[in-house]
Amino acid sequence: MNAKPLNSKQLLMEVSDFSFAFEEESPILNQLNFSLFSGECCLVAGASGSGKSTLALCLNGLYPDTVEGETKGNISCRSQNIADFPQGKLSQSVGVVFQDPESQFCMMKVEDELAFVLENQQAPRERMQEAIHSVLKETGMLDQKHALIHELSGGQKQKIALASVLLMEPDLLILDEATANLDPMSSFEFTRLIQQVRQKRNCAVLVIEHQPDDWMDIVERVLVIGKEGTLLADDSPDNIYGAGRPLLIKEGIHIPLSYQEDRNVHKNPPQMHGEKLITLQNVSFSRKNKSILQNINVTFHRGEFIAIVGENGAGKSTLLQLLARLLTPESGNVKLDGIPLQDWTERELRRISGYVFQNPEHQFITDTLYDEVAFGMKLNGEKEIDAKVQELLTAFQLEQFADANPFAISGGQKRRLSVATMLDDTPDILFFDEPTFGQDAKTTKELMRLITELREQGTTIIFVTHDMELVDEYCERVLLLLEGKTAFDGSPEELWSRKSLLQKARLRLPYSMRKERAYGIVN
Ligand SMILES: Nc1ncnc2c1ncn2[C@@H]1O[C@H](COP(=O)(O)OP(=O)(O)OP(=O)(O)O)[C@@H](O)[C@H]1O
Ligand SMILES: Nc1ncnc2c1ncn2[C@@H]1O[C@H](COP(=O)(O)OP(=O)(O)OP(=O)(O)O)[C@@H](O)[C@H]1O
């Protein structure tokens, strides 16, 4: 990368004694004071639920405009109070890219989506084509100009979300867990793209990310938000992750791997393989005439802890859904305990297995967190439900939200709730789609502890993940999907030695191994 000196500091945003509270609740953000300067790259670190996304939404004016909430203090952008910006004007200065790009799109095709953004800005028609061409070139997406958005990979969708924000020429670009759903290589490439954009445009970048490893050579400053929504620290990464480390540990915030010289990876001891539990024979599956999986032959054993990995769109979630009978194979068969999956009654299948969806909201069916956790227990006619619900809510640090609506909590809290609902009884099999995404260090550890405990009680754990550290630490077996086939099925250690396969599948080595086995741009 060509490091280009950034322009001298110019005040961009000023946050003064700023607090925000949802109606009749205690403040989420509490007396914040900080400034952002043009061209700088800041990381916002904070435990799950500390108010990072709320801050992003306040900075671009969506809060309090779109919710019942109250603010105190002031935020100004280029010395103008943001409350005085004409409607829609602030979002041109402060652009946000979210974790789920789909939530941002209104049109089917890439070029229509970008034209829609320009129309909303009332850009002159004759300049539209030129602007679209230029932003697609900048984001490396020119080839996809005529593509249908839903046919793009996760990384490509995220680049289109970025392109549509860049069309507004923002002074501040906020990335709210924008890489959380990307495969390891796409995530890394996205951070490089952001660095290029920032250098070219001199726009400030605010990164909200629990696992900021890929960002660490770009980030110049770290703001630490505490659990009470106060600003606990504002300093350089070296100071924050050096002298400030005890504070981060206390708050349960991830320390970037590059600052963890003494990282001691605890590996799960390998377990003896139990009997065959799920067998797939020649399983194929297509969506809309597009082949996703072809002739998959795999056997999962009782008590295994297995990760399914692969690039965005490789078919990981599809495979997990076929295993849980949420989808039916186009050809081939799936057997559970030797019995064809289609012969199991729905009730029995759901009793012995649990499924945690990639998007936690897909699981919520009641109006409170308490009811959500109690739902399965009531269905099974269990006793002492109240005590069990309280225990689970406490284990997942959700006890204070027992009466809250599942849709009105933070992203990380939603993910923990979706896992908690599956843990009332000890199931035989648990399927997890990205169990730990959006979690801080403390809740990741707690979640994995609970999953490991279940596994020790005999539960088979099959999960999809992009997190190679998790695979390295917890799994004894990893299944790699590539071009619709199982390209690898073996131990993580074996996989890490398959350099060209890793590269082809857009995976990266766990951090601890990268220095020894550098390849390409990764070291
Ligand atoms: N409901 C759907 N309709 C049409 N195509 C779909 C649908 N869901 C997924 N696909 C496509 O099927 C392919 C496999 O998707 P899947 O979600 O299984 O991949 P994945 O490996 O889990 O991806 P990611 O890592 O991005 O979550 C992708 O090309 C995707 O675009
Ligand atoms: N619509 C809402 N109504 C009431 N409270 C809410 C609402 N949305 C979020 N909250 C609460 O506000 C707090 C901050 O949420 P926010 O999403 O900003 O946290 P976060 O730091 O981004 O968390 P995460 O890392 O888990 O995504 C949380 O305690 C959450 O439960």
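With an unreviewed UniProt entry as reference, the chain is termed Energy-coupling factor transport system ATP-binding protein, source organism Alkalicoccus daliensis. Reading the Subcellular location (unreviewed entry) entry of the UniProt record for the chain gives the comment "Cell membrane". Looking at the chain in UniProt, the text filed under Sequence similarities (unreviewed entry) is "Belongs to the ABC transporter superfamily."

## Looking at the overall build of the chain
If you tally the helices and strands in the chain, you get 19 helices and 20 strands. Taking 523 residues into account, the globule formula puts the C-alpha radius of gyration at 24 Å, and the chain, at 23 Å, falls close to it. C-alpha extents for the chain along the principal axes are approximately 70 × 50 × 45 Å. Residues classed as buried in the chain amount to 54% of the 523 residues present. Within the chain, contacts between residues at least 6 apart in sequence are counted, and of these 68% link residues at least 24 apart. Carbon and sulfur atoms provide 47% of the accessible area of the chain, an area that totals close to 23400 Å². Considering the chain, the positive charge centre built from 54 side chains and the negative charge centre built from 76 side chains are found 6 Å apart.

## Focus: unusual backbone geometry
Glycine aside, residues mostly have negative phi, and peptide bonds are mostly found in the trans state. With omega at 5°, the peptide bond leading from Y63 into P64 counts as cis. Relative to the helices and strands, P64 is located in helix α2 (residues 62–65). The phi torsion at E177 lies on the positive side, around 50°, for a residue other than glycine. By the element assignment, E177 lies in the loop between β7 (172–176) and α7 (184–201).

## Describing the pairing of strand β12 (residues 290–301)
In the sheet, strand β11 (residues 276–287) pairs with β12 via 8 bridges, with the strands oriented antiparallel. If you follow S286 over to β12, its bridge partner there is S291. With antiparallel pairing between neighbouring strands as the criterion, β11 and β12 make up a hairpin whose turn holds 2 residues, including K288 at a positive phi of roughly 45°.

## What about the pairing of strand β14 (residues 331–336)?
Where β11 and β14 come together, 5 bridges link them in antiparallel fashion. Looking at the pairing, I278 lines up with L336 of β14. Two elements, β14 and strand β15 (residues 339–340), share 2 bridges in a ladder whose sense is antiparallel. For K335, the partnering residue across the bridge sits in β15 and is P340. Hairpin geometry of β14 and β15 is characterised by an intervening segment of 2 residues between the two adjacent antiparallel strands and by a positive phi of about 55° at D337.

## Concerning the UniProt feature "domain: ABC transporter" (unreviewed entry) in the chain
Mapped onto this structure's residue numbering, the UniProt feature "domain: ABC transporter" (unreviewed entry) falls at residues 13–252 and 278–508. In this annotation, residues 13–252 is assigned 35% helix and 25% strand; the end-to-end C-alpha distance for the span is 28 Å. Helix makes up 35% of residues 278–508 and strand 26%. Its end C-alpha atoms lie 29 Å apart.

## Points about the packing of aromatic side chains
One pass over the full model with this rule turns up 9 aromatic pairs. On the numbers, 5.1 Å between centres and 85° between planes, the contact of F20 with F22 is edge-to-face. Since its relative accessible area comes to 25%, F22 is described here as partly exposed. Ring geometry for F364 against F407: centres 5.7 Å apart, planes inclined by 85°, an arrangement best described as edge-to-face. Of the two residues, F364 is situated in the loop between β16 (353–356) and α12 (369–379) and F407 in the loop between α13 (385–395) and α14 (411–420); the sequence distance between them amounts to 43 residues. Residue classification places F364 among the buried residues on the basis of a relative accessible area of 8%. Counting every residue linked through ring pairs, the aromatic cluster contains F20, F22 and Y63. Sitting over the ring of F300, R477 keeps its end group 5.5 Å from the ring centre. Directly above the ring of F188 sits R508, whose terminal nitrogen or CZ lies 4.2 Å from the centroid.

Conventions adopted
Residues numbered from 1 in each chain as written. Chains lettered and ligands numbered in written order. Predicted model: local features only at pLDDT ≥ 70, side-chain atom pairs only at ≥ 80, totals over all residues. Heavy atoms only, no water. UniProt positions renumbered as here; feature names shortened; annotations may be inferred. Helix = DSSP H or I, 4+ residues; strand = E, 2+ residues; numbered from the N terminus. Rg over C-alpha atoms; globule rule 2.2 N^0.38 Å. Buried < 20%, exposed > 50% of the residue type's maximum accessible area, 1.4 Å probe, protein only. Contact = heavy atoms within 4.5 Å. Areas by Shrake-Rupley, 256 points an atom, 1.4 Å probe, with all protein chains shown as cover. Lys, Arg positive; Asp, Glu negative; His and termini not counted. Charge placed at Lys NZ, Arg CZ, Asp CG, Glu CD. Pairing = 2+ DSSP bridges. Phe/Tyr/Trp six-rings, centres within 6.5 Å; stacked < 30°, edge-to-face > 60°. Lys NZ or Arg CZ within 6 Å of the ring centre and 35° of its normal.

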